[in-house]
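So the chains spell out like this:
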Amino acid sequence: MTREDITLRITLGEMPVEDSFWVTTSIDTTVTVHDLLSSVFPVSDDAANAVEKSLDIRANPDLPDMYQELQNVISQWREEDSQLEFKTAAGTDVLPGDPVSRHITTFNSQENTVHIVLEQQLDALVAYQRNGGNRDDFIQWMQGSVLIYFLDKHHYPLPAEPAEHTADWRLLPIADELEILSFIGPSRTEDTFEITSKGRGFIGNMIAETESYIRRFDVFSDILPGRGLQPTVFGNGQGLDLRVQIFENQGIDPFRAVFLLRMYDGTLDRCTDSWRVDIHEPQFFNRLLEPVLDHNRVDDDDLDWVIDQGLEHIQKTADNPRSPTRSRPLRSQRLTD
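Definitions and limits used
Numbers given for residues are sequential positions, taken from 1 along each chain in its written order. In keeping with the predicted nature of the model, local features appear solely for residues at pLDDT of at least 70, side-chain atom pairs appear and are counted solely at 80 or more, and the whole-chain, interface and lining totals rest on all residues. Here the side-chain values reflect all heavy atoms present in the structure, with hydrogen atoms and water set aside. The pocket and cavity definitions rest on a 1 Å grid over protein atoms only: a 1.4 Å probe that fits but cannot leave marks a cavity, an open set with protein on both sides within 12 Å along at least five of seven lines marks a pocket, and residues lining either have an atom within 4 Å of a point. Grid points are joined across faces, edges and corners, and a volume is the space filled by probe spheres set on the points. Each helix is a run of DSSP H or I of at least 4 residues and each strand a run of E of at least 2, with the numbering of both proceeding from the N terminus. Gly counts as polar in this scheme, as do all residues outside two lists: the nonpolar Ala, Val, Leu, Ile, Met, Phe, Trp, Tyr, Cys and Pro, and the charged Asp, Glu, Lys and Arg. Three labels apply to residues, based on accessible area from a 1.4 Å probe with only protein chains included: buried if under 20% of the type maximum, exposed if over 50%, partly exposed otherwise in between. Paired strands, in this sense, are two strands between which DSSP finds at least two bridges. A contact between two residues is defined here by any heavy atoms of the two lying within 4.5 Å. N or O atoms within 3.5 Å of each other form a polar contact, as long as, within protein, one can give a hydrogen and the other can take it, and as long as residues adjacent in sequence are counted only when both atoms are side-chain atoms. Aromatic contacts are taken between Phe, Tyr and Trp rings whose centres are within 6.5 Å, Trp giving its six-membered ring; a plane angle under 30 degrees counts as stacked, one over 60 as edge-to-face, and the others as tilted.

**Q** Would you mind going over the layout of surface pockets with me for this structure?
**A** If you roll a probe as big as a water molecule over the atoms, it shows you where there is empty space left. By volume, the largest pocket amounts to about 1500 Å³. Around the largest pocket sit 39 residues that line it, and Gln-68, Glu-69, Asn-72, Arg-297 and Asp-299 are the ones nearest its centre. Contributing elements (two or more residues each) for the lining of the largest pocket: helix 2 (45–53), helix 3 (63–78), helix 4 (124–130), helix 10 (254–264), helix 13 (290–293) and helix 14 (300–316). In terms of residues, the lining of the largest pocket owes the most to one element, helix 3, which gives ten residues. Residues of the lining of the largest pocket, tallied by class, amount to 13 nonpolar, ten polar and 16 charged.

Quick look at the structure:
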């Protein structure tokens, strides 16, 4: 077996190649691209730490942070929380089973370079089911919530008997489920559906649940944990959003909480022209739930300390509490952001 020094360059999406992550490793070029990725992004923490220590931080001090982000991307792919497409810089497919030698090129006069462009598509619904949830029931609940959201906030006049094969006609199965629950019913004055008193109660309960998450956890939406003598900083616009990690720590379903927060912060208002089609697409809900899989984290050993710092901050600011109507939007953390 003959080993060669190979420089692996990785970019996400449309990131310029000049900003790519790169690492030089010694490998037999007859092995597969999958083998190359496994050697650079190993499952073992000790092996991953060894790779991170080998990075040339003098050339680019950001390489360790980029490595950790990519390690997370590859880990999500292994665990089937996301789908990855592998491309060359020219846009042709790179198959995980391809030999490394097939994709060796030259970059800036540097020979023996393998440049891979990753296209990531997160699949929160698969993760939800793998965690023990019923995917179909969850989608049905989200669809009903979205429909009643637009009936309520945007006063959408959904016809009780729409023309066949129209966007409104396709909404009828969702409306039928809401009608079975007595959340909506035919209007007494118009040929449309209207929200019932029980439906108003359903909306009120969702709002109350969401505002409870905001009151208890919004403090963790923008936090820079202190180090040594440096104090913990809250709300400066440059901190970490640790809400999803803390939901998990506190036994709160992060999928449900993220969906409710995304409804509350006005995310759905950007879909006023497309929601009647989007509501049938699993990928629409995957995009809404993306922060569940793609979020900031701190080490588990530090999390209890961070929670204590947040609770102390809440106590100090109790005389001037954050309004529950000003929730910070959930942010999805990507290497390309």
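Structure shown, so let's carry the discussion forward.
**Q** Help me out: how do you make sense of the pairing of strand 1 (residues 3–12) in this one?
**A** The two faces of the sheet receive side chains in turn, since in a regular strand these alternate between them. In terms of residue burial, strand 1 counts as a mostly covered element, since seven of its ten residues are buried. Where strand 1 lies against strand 2 (residues 21–28), eight bridges are found, and the strand directions are antiparallel. Bridging across to strand 2, Thr-7 finds its partner in Thr-24. Sheet topology places strand 1 next to strand 5 (residues 110–122); six bridges connect them, and they run parallel. Note on strand 5: the bridge partner recorded for Arg-9 is His-115.

**Q** How should I be thinking about the environment of Arg-9 in this particular structure?
**A** With respect to the helices, strands and loops of the structure, Arg-9 is situated in strand 1. Classification of Arg-9 as buried rests on a relative accessible area of 10%. In this structure, the C-alpha to C-alpha distance between Arg-9 and Val-43, residues 34 residues apart in sequence, is 20 Å. Beyond its immediate chain neighbours, meaning those up to four positions away, Arg-9 contacts Val-17, Ser-20, Phe-21, Trp-22, Phe-107, Gln-110, Thr-113, Val-114, His-115 and Ile-116. Reaching out from Arg-9, the side chain makes a polar contact with the side chain of Ser-20 at a distance of 3.0 Å.

**Q** I keep staring at unusual backbone geometry and nothing clicks. Help me out?
**A** Both trends apply: most residues other than glycine have a negative phi, and most peptide bonds are in trans. The residue His-155 is not glycine, and still its phi comes out positive at about 50°. Residue position: His-155 is located in the loop between helix 5 (135–152) and helix 6 (167–170). Its identity as a non-glycine residue notwithstanding, His-165 has a phi of 65°, on the positive side. Structurally, the position occupied by His-165 is in the loop between helix 5 and helix 6. On the basis of relative accessibility, which here comes to 64%, the residue His-165 falls in the exposed class.

**Q** Sorry, what's going on with the side chain of Thr-11 here?
**A** Mapped onto the elements, Thr-11 comes out in strand 1. Polar side-chain contacts of Thr-11 include one of 3.1 Å to the side chain of His-115. Among residues more than four places away in sequence, those in contact with Thr-11 are Pro-16, Val-17, Ser-20, His-115, Ile-116, Val-117 and Leu-118.

**Q** Sorry if this is basic, but what is going on with the packing of aromatic side chains here?
**A** Remark: the centre distance and the inter-plane angle together describe each pair of aromatic rings, the angle taken between the planes. Per the stated rule, a full pass over the model turns up 15 aromatic pairs. Note on Phe-183 and Phe-202: the rings are 4.6 Å apart at their centroids and 20° apart in plane angle, and the pair reads as stacked. Of this pair, Phe-183 sits in the loop between helix 7 (172–180) and strand 6 (184–186) while Phe-202 sits in helix 8 (residues 197–217), and the two are 19 residues apart along the sequence. Judged by relative accessible area, which is 16%, Phe-202 ranks as buried. Here the aromatic cluster, defined as three or more aromatic residues joined through ring pairs, consists of Tyr-128, Phe-138, Trp-141, Phe-255 and Phe-259.

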